[in-house]
Amino acid sequence: MLDIGRKLQDLREAHGLSQRALARRAGISNALISLIEKEKTSPSVASLKKILDSFPVKLSDFFAPRPEGPPKTGAPRE
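Small disclaimer: the values here were computed from a predicted structure and weren't measured.

Visitor: Please provide a residue-by-residue account of the pattern of salt bridges, values included.
Guide: Following the criterion strictly, the structure yields four salt bridges and no others. With a shortest N-O distance of 2.9 Å, Arg6 and Asp10 are connected by a salt bridge. With Arg6 and Asp10 both in helix H1 (residues 4–14) and four residues apart, the pair spans about one turn of that helix. On the accessibility criterion, Asp10 (26% relative accessible area) is partly exposed. The partner of Glu13 in a salt bridge is Arg12, with the nearest N and O atoms 3.9 Å apart.

This is the structure in structure tokens:
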């Protein structure tokens, strides 16, 4: 299951933004940011696009699965 709220919060915190600062950049209310992060509501595609336009992140990249486990080195196994 995709946790949009958690991913958004991680992205926002990684960029050092408060909910209020992100809301200002995206042109939406900070209450909406809060509700999304708490999984109380799901954003419309338009709202999510506005939010993600505040970061160097494409909509498709936001929904791409995160790799699990340690990174693969590509070294051959013996």
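What follows continues from the structure just given.
Visitor: Describe the nonpolar core, with residues and values.
Guide: Among the nonpolar cores identified, the biggest contains 16 residues, and Leu22, Ile33, Ile51 and Phe55 are the most heavily contacted of them. Counting residues per element, the ones that place at least two in this core are H1, helix H2 (19–26), helix H3 (30–37) and helix H4 (45–52). If we ignore the near neighbours within four places in the chain, the residues touching Phe55 are Leu11, Arg12, His15, Leu17 and Leu22.

Cut-offs applied
Residues numbered from 1 in each chain as written. Predicted model: local features only at pLDDT ≥ 70, side-chain atom pairs only at ≥ 80, totals over all residues. Heavy atoms only, no water. Salt bridge = Lys/Arg side-chain N within 4 Å of Asp/Glu carboxyl O. Helix = DSSP H or I, 4+ residues; strand = E, 2+ residues; numbered from the N terminus. Buried < 20%, exposed > 50% of the residue type's maximum accessible area, 1.4 Å probe, protein only. Core = buried A, V, L, I, M, F, W, Y, C linked by side-chain atoms within 4.5 Å. Contact = heavy atoms within 4.5 Å.

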